[in-house]
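Each chain is listed here by its residues.
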Amino acid sequence: MADSASPYGRQKDLTPEEQKKIGQAVPGAMGDEQTDFVKTISKMIQDGDINVFDIKTFFHPGAYEKLAEMDRGQVDLAMINIADLLRHIAQFYVSKQTPDASPQLEQMIEQLWQMKDKVEGKFGDILKF
């Protein structure tokens with residue numbers, strides 16, 4: 001059982017200002033692939049190619065309709081999480097409150113890619129991005 005005299009010292013209560021500072025995204029370089037991807041996604045959203053509130057816009061034309069009904073149900077479930085993460089990535093990137101490149105943004109992109117790879121690994125190249 002750990003005692004209160006740990007080598008880490010006592011926890012200090014943080015002021016609201018310190019809490020805000022700790023919760024802020026830090027700037028940092030991202031890989032070229034992640035940078036290109038977030039720029040592409042941002043352009044697709046701005047151009048209206050995809051709408052983060054309408055998952056049907058994420059698919060190549062006709063790709064979703066070609067899926068079996070049971071497969072559509074599985075894709076629909078995955079798209080809820082993909083759409084949510086895509087919204088977070090887009091909002092993070094366009095926000096003036098967050099850096100355009102950061103480890104947090106890079107991690108969100110990596111997570112999106114994992115979800116996308118899982119869906120497309122099972123159902124083929126169905127997503128536009």
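Our structure's up above, just so we're on the same page.
Quick caveat, the model's predicted, so the values are computed rather than measured.

K.L.:
What should I look at first to understand the overall build of the chain in this one?
P.N.:
Secondary structure assignment for the chain yields four helices and zero strands. From first element to last, N terminus to C terminus, the chain shows the α and β order α-α-α-α. Along the longest, intermediate and shortest principal axes, the C-alpha atoms of the chain span 65 × 40 × 25 Å. Taken over 129 residues, the chain has a buried fraction of 30%. By element, 52% of the accessible surface of the chain is carried by carbon and sulfur atoms, the whole surface being about 9000 Å². In the chain, 15 side chains carry a positive charge and 21 a negative one; their mean positions are 3 Å apart.

K.L.:
Please clarify how the environment of Lys128 should be interpreted in this entry.
P.N.:
Along the chain, Lys128 turns up in the segment after α4 (103-123). What makes Lys128 partly exposed here is its relative accessible area of 32%. Along the sequence, Lys128 and Pro61 sit 67 residues apart, while their C-alpha atoms lie 8.9 Å from each other. If we ignore the near neighbours within four places in the chain, the residues touching Lys128 are Met44, Asp49, Ile50, Thr57, Phe58, Phe59 and His60. Among the polar contacts listed, one links the side chain of Lys128 to the backbone oxygen of Asp49, at a separation of 2.9 Å. Of note is the side chain of Lys128, whose polar atom sits 3.2 Å from the backbone oxygen of Thr57.

K.L.:
Help me understand the side chain of Ser42 in this model?
P.N.:
With respect to the helices and strands, the residue Ser42 is situated in helix α2 (residues 32-46). Of the residues examined, Ser42 reaches a relative accessible area of 10% and is grouped as buried.

K.L.:
I would appreciate a short explanation of the pattern of salt bridges in the present structure.
P.N.:
A side chain of one charge can pair with a side chain of the opposite charge if their charged atoms are brought near each other. The tally for this structure, following the rule as stated, stands at three salt bridges. Between Lys43 and Asp47 there is a salt bridge, with its nearest N and O atoms 2.6 Å apart. The class of Asp47 is partly exposed, set by a relative accessible area of 45%. A salt bridge links Asp84 to Arg87, with the nearest nitrogen and oxygen atoms 3.7 Å apart. One end of the pair is Asp84 and the other is Arg87, both in helix α3 (residues 69-94) and three residues apart, which spans about a single turn.

K.L.:
What am I meant to see in the packing of aromatic side chains here?
P.N.:
Applying the stated criterion to the full structure yields three aromatic pairs. Ring geometry for Phe58 and Phe129: centres 5.6 Å apart, planes at 80°, overall edge-to-face. You can see Phe58 sitting in the loop between α2 and α3 and its partner Phe129 sitting in the segment after α4, a full 71 residues away along the chain. When its relative accessible area of 10% is taken as the criterion, Phe129 is described as buried. Ring centres of Phe59 and Tyr64 lie 4.9 Å apart, and the angle between their planes is 35°; this geometry places the pair in the tilted category.

Calculation notes
- Residues numbered from 1 in each chain as written.
- Predicted model: local features only at pLDDT ≥ 70, side-chain atom pairs only at ≥ 80, totals over all residues.
- Heavy atoms only, no water.
- Helix = DSSP H or I, 4+ residues; strand = E, 2+ residues; numbered from the N terminus.
- Buried < 20%, exposed > 50% of the residue type's maximum accessible area, 1.4 Å probe, protein only.
- Areas by Shrake-Rupley, 256 points an atom, 1.4 Å probe, with all protein chains shown as cover.
- Lys, Arg positive; Asp, Glu negative; His and termini not counted.
- Charge placed at Lys NZ, Arg CZ, Asp CG, Glu CD.
- Contact = heavy atoms within 4.5 Å.
- Polar contact = N/O pair within 3.5 Å; in protein donor to acceptor, adjacent residues only side chain to side chain.
- Salt bridge = Lys/Arg side-chain N within 4 Å of Asp/Glu carboxyl O.
- Phe/Tyr/Trp six-rings, centres within 6.5 Å; stacked < 30°, edge-to-face > 60°.

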